[in-house]
Amino acid sequence: MRLYRKEGNIIEILSFPNESVEKGDYLLIEDGEAQKALIAQVIDVQFANIPGVLEELLRSLPDGGGIIQGEDVDPLEIAPHITYIQDSRLLICKIRATLEGEHLSPSTSWLPSRSQSSVKKLPIPMLLKLARVNGNLPITLGVTKENSLLTIDATSLDGRLNIITGKKETGKSHLSKLLITSLLQYKAVVIVLDLNGEYTGLGFTSDGKRNAYFNRIHVLTPSQNFKVALKQLHLNVILNILIHALHLPGTSTREFRRIWQFLKDKGCLTLHELGEAIRNWNCNQNVRDALFSRYYALVNSGFFTDNVAEANLLEECLFKAREEGGAVIINLRNTSPIDRQIVVEYLLGKLVELLTSWRLKAVFLFAEEAHLYLRETYWDDIVTRMRHFGIFTTFITNQPDTIRESIYRQADNIFLFNFTNEHDLEVVSRAARVDAETVKSIARDLPPHHCLVLGKVVRDFPIVVKVRAIDVKTMGETRLFFTGVQAESMNQTSPVSLYSVEENS
């Protein structure tokens, strides 16, 4: 390989046919005299556009494009050289860092010698060692293209905002399950907003047996084993539910606040008493109608109860997880959109309450398809304000345009699976921790279950990894119409041969 051209932080390398280099590989461009080296990543591979190659290709074919039959006569033996030139490639590389001694720096201000520099592949394990991607709390994500393990440090997820995105069926949920179970090994407290019931089997192996996480997985299903008593609610939490989930107007909110305070002073804060108080309250009829419609929405959700004994499960699970580590799965499957918003508003309000009073230290929140149950203003709120309280969020989505640009700008780590849609790639490329060319070029060619890891977990050196398998029960499979039907119908229907078609015709 030879250094050809540098423009900005893009460097072009001439590669010959006997050298095997692919997208995503790292190269080390060493300048012996300067005692420095550039670390560059291949983001595209093209044919070397050498003047005359096109003409030579055209000359080698006769009219019609077929191969000429006969014996090649090449007295000067130049044919191998021409073939060599025709197959030469140009590697478009992005400069990632400068290596000086054993120290890496992001500087790209110097230029290595074109004639004296040597170019060679930089093995991923060596890169990880130079970048010091290691730690005391290892999480093995999978294997790189060189079959070496990619291990990140759990502390690089601590206090961070993470995004897992890619198109359908590429392995996003699988990776999030891998991260959750790995965090549990280090006694972390994890909360999962599970839209499709995919995480409810985390405590079982693929053949249905209990695994090592069984006692630390707590599945809470709203209106079944996850209910709330009005007595336990703080006024701000119920107001957030009424305003943001049920869209109660300002005038009605003021009346509700007075009713709530009245019932609290009387010590009879129950659903029945709340309904009676609204019925008998001295207020405008429109306000009464507005309050009644929200009251019945609360009652019909089944999420609220007057029985305090069946309403302590969330705090119990969180406090249990606080001691030994654990995951609380909020199963939102079969929950209507309005009820979903009510549950999530309550959950976030409760978490802030527990974290501000230091009854919980910190939690890792995994939110799948969060745009379906979080109001827009909550995006920034979770990322900025709630992070200081100790809520560290991972968003999982196959619709990257539903995440606001400001979130991408603040994302610390991005786990990017395959996207072929140009619009989706454009959205993800706005992330602050990676350049648009890398995202668009590498992510488009990723096979299923391969992930481009970006951000602080890999010290800003983008690395492609095949996510390793984990032995947990897969839930939330798509229900198929033809499963089991196809084989039966095939047996009943005789095969149609080409001969019978020809005879009939």
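Look up a bit, the structure's there.
These numbers come from a predicted model, not from an experiment.

1. Some words on the packing of helix H7 (residues 271–280) against helix H8 (residues 285–301)
Helix packing geometry: the angle between the two helix axes and the distance between the axes.
Part 1 of the argument: Between H7 and H8, the shortest axis-to-axis distance is 10 Å and the interhelical angle comes to 165°. Taken together, the axes of H7 and H8 lie roughly antiparallel to each other. Viewed along their axes, H7 and H8 form a crossing whose handedness is left-handed. In contact with Leu-271, His-272, Leu-274, Gly-275, Ile-278, Arg-279 and Asn-280 of H7, H8 contributes Arg-288, Leu-291, Phe-292, Tyr-295, Tyr-296 and Val-299.
Part 2 of the argument: Here the residues of the contact of H7 with H8 are counted per class, giving 8 nonpolar, 3 polar and 2 charged.

2. Quick word on a nonpolar patch on the surface
Part 1 of the argument: A contiguous nonpolar patch, built from Ile-50, Tyr-84 and Ile-85 and spanning about 240 Å² of accessible area, is present on the exposed surface.
Part 2 of the argument: Following the sequence through the fold, Ile-50 ends up in the loop between strand E4 (36–47) and helix H1 (53–59).

3. Structural notes on the packing of helix H6 (residues 250–266) against H8
Part 1 of the argument: Close contact between H6 and H8 brings their axes to 9 Å; oriented N to C, the two are set at 75°. On the basis of the axis angle, H6 is roughly perpendicular to H8. Residues Thr-251, Ser-252, Glu-255, Phe-256 and Ile-259 of H6 form the contact with H8, whose own contacting residues are Val-287, Ala-290 and Leu-291.
Part 2 of the argument: Its residues placed into classes, the contact of H6 with H8 shows 5 nonpolar, 2 polar and 1 charged.

4. Thoughts on the environment of Gly-101
Part 1 of the argument: The topology assignment puts Gly-101 in the loop between strand E5 (89–100) and strand E6 (103–105).
Part 2 of the argument: Distance in space between the C-alpha atoms of Gly-101 and Ala-37 is 8.9 Å, their sequence separation being 64 residues.

5. A few points about the packing of aromatic side chains
Part 1 of the argument: All chains considered together, the criterion is met by 12 aromatic pairs.
Part 2 of the argument: Between Tyr-26 and Phe-461 the ring centres are 6.2 Å apart and the planes differ by 65°, which places this aromatic pair in the edge-to-face class. Separated by 435 residues along the polypeptide, Tyr-26 in strand E3 (residues 26–31) and Phe-461 in the loop between strand E19 (450–455) and strand E20 (463–467) bring together distant segments of the chain. Residues Tyr-26 and Phe-461 agree in their burial class; the two are buried.

About the criteria used
Residues numbered from 1 in each chain as written. Predicted model: local features only at pLDDT ≥ 70, side-chain atom pairs only at ≥ 80, totals over all residues. Heavy atoms only, no water. Axes fitted to C-alpha atoms, helices over the stretch in contact; angles between N-to-C directions. Helix = DSSP H or I, 4+ residues; strand = E, 2+ residues; numbered from the N terminus. Parallel < 35°, antiparallel > 145°, perpendicular 65-115°, else oblique. Left-handed = near helix turned anticlockwise from the far one by under 90°. Contact = heavy atoms within 4.5 Å. Nonpolar A, V, L, I, M, F, W, Y, C, P; charged D, E, K, R; others polar. Patch = residues over 30% accessible without salt bridge, like charges linked within 9 Å, V, L, I, M, F, W, Y side chains within 5 Å. Areas by Shrake-Rupley, 256 points an atom, 1.4 Å probe, with all protein chains shown as cover. Salt bridge = Lys/Arg side-chain N within 4 Å of Asp/Glu carboxyl O. Phe/Tyr/Trp six-rings, centres within 6.5 Å; stacked < 30°, edge-to-face > 60°. Buried < 20%, exposed > 50% of the residue type's maximum accessible area, 1.4 Å probe, protein only.

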